[in-house]
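Below, each chain spelled out in residue letters.
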Amino acid sequence: MPRVHHRHRPARPLAALALAGVLVLPACGTGSGAAPADAAEGTGETLTITDELGREVTVDVPITAVYTDLFYTTELVRAIGAEEAIVSVDDTSSPEKTPANAGYFEEFAGLPTVGEYDEPNWEAIVESGAQVALLRRNGPYEEAIEKLEPFGIEVVVVTSWDPAVIREYLPVLGEAFGTEEQAAEAARLFDDISDLIAERTVDVPPRTVYYENATDYSTGVPGSGWHDIIVDAGGENLYGDVRLGDDQGANVHNYEVDPVDIISRDPDLIVRQGLDDHPQGYEAWPAEAFQREAEEIAERPGWSGISAVRDDEIYVVNNFLLSAFGKQLGALAIATWLYPDEFADVDLDAYFDRWLDLQNTPNVSAGAYVQKIGEEG
């Protein structure tokens, strides 16, 4: 469990330091991603967090200026009611850089964008006035510590795409940002989904899922969130027996598989995430694009005998649904596809709406982001 403890200390002034040989001064003012005045003044209170790597990090609280390193992280901070603390984002959370999410992240238009999440512009983060950089364990956190901590910017590692990590740290983040009530509401949504899946799948034999990640014959194995999402849904990953690298390091995301081997393993369900010619995000795809992809999968040579193809159990899904709430909503979606009888009375939209409501985002039907072969969206 993450450990936290409070301490009182005088507010620490920001100093001008050199980054990569360049003198950089943290930005002042408001409206352009600079730290609000109260962020610089501080409250004199601190919170020591043991992040998921076991590092003890002391931060001034409440956190009023944070850099979020990926859209998952931006969503999570907004979902606990701390969106006003976001002062800089990566390209995936920028409405200007990722048009598919323009409507979703429109409130962050004009914020400093630091570029690619794996190779951010460290100077831009410093100039944004961030107090804290919130990163994933498979992000460049070691470099972040080196580049940012000399400027008084604390690096906290909480992997925002990992449901288990999210649930563990929701109370901690709520305390750190001073949004305990909304963080607790988010935790209730998370637990409601977990409990529902566990209750409905407890005595059900697991069905197998072949997950395909945006490109043909690329799947997720242990070490990736895509493996976890299948297991969390009560299913069995068709390639759950493949072990590559450090499972906990999340460095293994994709694994190339032989299409003939997929045939021999005979999955019950096929989930294809992504289309080659359509960006994934809040903006939904045309219905015909979903169906075209599903039909192409069904028509692959030799695949007509696969159970999932024979039974029309092919789902094409936009990552906006599959990754919602650090994949927790995606796990519920897959569970409803795997076990339609057990989840017949479950309204996926009711849970999806709660997730979007936490972010003050207009509700959109989950059905806008997925289609089963032969069915209209």
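What comes next is a walk through the structure. (Residues numbered from 1 in each chain as written. Predicted model: local features only at pLDDT ≥ 70, side-chain atom pairs only at ≥ 80, totals over all residues. Heavy atoms only, no water.)

**A word on the pattern of salt bridges**
In the structure shown here, the tally under the stated rule is 20 salt bridges. Among the salt bridges present, the one from Glu52 reaches Arg137, with a minimum N-O distance of 3.0 Å. Taken together, the positions of Glu52 in the loop between strand 4 (45-50) and strand 5 (56-61) and Arg137 in the loop between strand 8 (132-135) and helix 4 (141-148) put the pair 85 residues apart, joining distant regions of the chain. Look at Glu52 and you get partly exposed, because its relative accessible area is 22%. Under the relative-accessibility criterion, Arg137 is labelled buried at 12%. The salt bridge partner of Arg136 is Asp118, with a shortest N-O separation of 3.6 Å. Taken together, the positions of Arg136 in the loop between strand 8 and helix 4 and Asp118 in the loop between strand 7 (86-89) and helix 3 (122-127) put the pair 18 residues apart, joining distant regions of the chain. (Salt bridge = Lys/Arg side-chain N within 4 Å of Asp/Glu carboxyl O. Helix = DSSP H or I, 4+ residues; strand = E, 2+ residues; numbered from the N terminus. Buried < 20%, exposed > 50% of the residue type's maximum accessible area, 1.4 Å probe, protein only.)

**Observations regarding the sheet that holds strand 9 (residues 154-157)**
The strand order across the open sheet built from 4 strands is 7-6-8-9, with neighbouring strands paired in parallel fashion. Each edge of the open sheet is held by one strand with a lone partner, namely strand 7 and strand 9. The average undirected angle you get between the axes of adjacent strands in this sheet is 25 degrees. (Pairing = 2+ DSSP bridges. Axes fitted to C-alpha atoms, helices over the stretch in contact; angles between N-to-C directions.)

**Here we look at the pairing of strand 5**
Bridge analysis of strand 4 against strand 5 gives 6 bridges, and the strand direction is antiparallel. Residue pairing across strands places Leu47 opposite Val59, the latter belonging to strand 5. The turn linking strand 4 back onto strand 5 is made up of 5 residues, and Gly54 within it adopts a positive phi angle of 85 degrees.

**Description of helix 9 (residues 287-298)**
Counted at 1.5 Å a residue, the expected span for helix 9 with its 12 residues is 16 Å, and the 17 Å between its end C-alpha atoms agrees. Every buried residue of helix 9 is accounted for by Ala289, Phe290, Gln291, Glu293, Ala294, Ile297 and Ala298. (Expected span 1.5 Å × (residues − 1).)

**Points about the pairing of strand 15 (residues 314-317)**
Taking every second residue as pointing to the same face, both faces of strand 15 are buried, with Ile314 and Val316 on one and Tyr315 and Val317 on the other. Bridge analysis of strand 14 (residues 269-273) against strand 15 gives 4 bridges, and the strand direction is parallel. Bridge pairing in strand 15 places Val271 opposite Tyr315.

**A few points about the sheet that holds strand 15**
Read from one edge of the open sheet, 5 strands run 12-10-14-15-16, paired in mixed fashion. The open sheet terminates on both sides in strands that have one partner only, identified here as strand 12 (236-237) and strand 16 (370-372). Helix-sheet contacts for helix 9 involve strand 14, strand 15 and strand 16, and the interaxial angle to strand 15 is about 140 degrees. Contacts from helix 12 (residues 328-338) reach strand 10 (208-213), strand 14, strand 15 and strand 16 within the one sheet, and its direction differs from that of strand 14 by about 145 degrees. (Contact = heavy atoms within 4.5 Å.)

The values are spatial; any link to function lies outside them.
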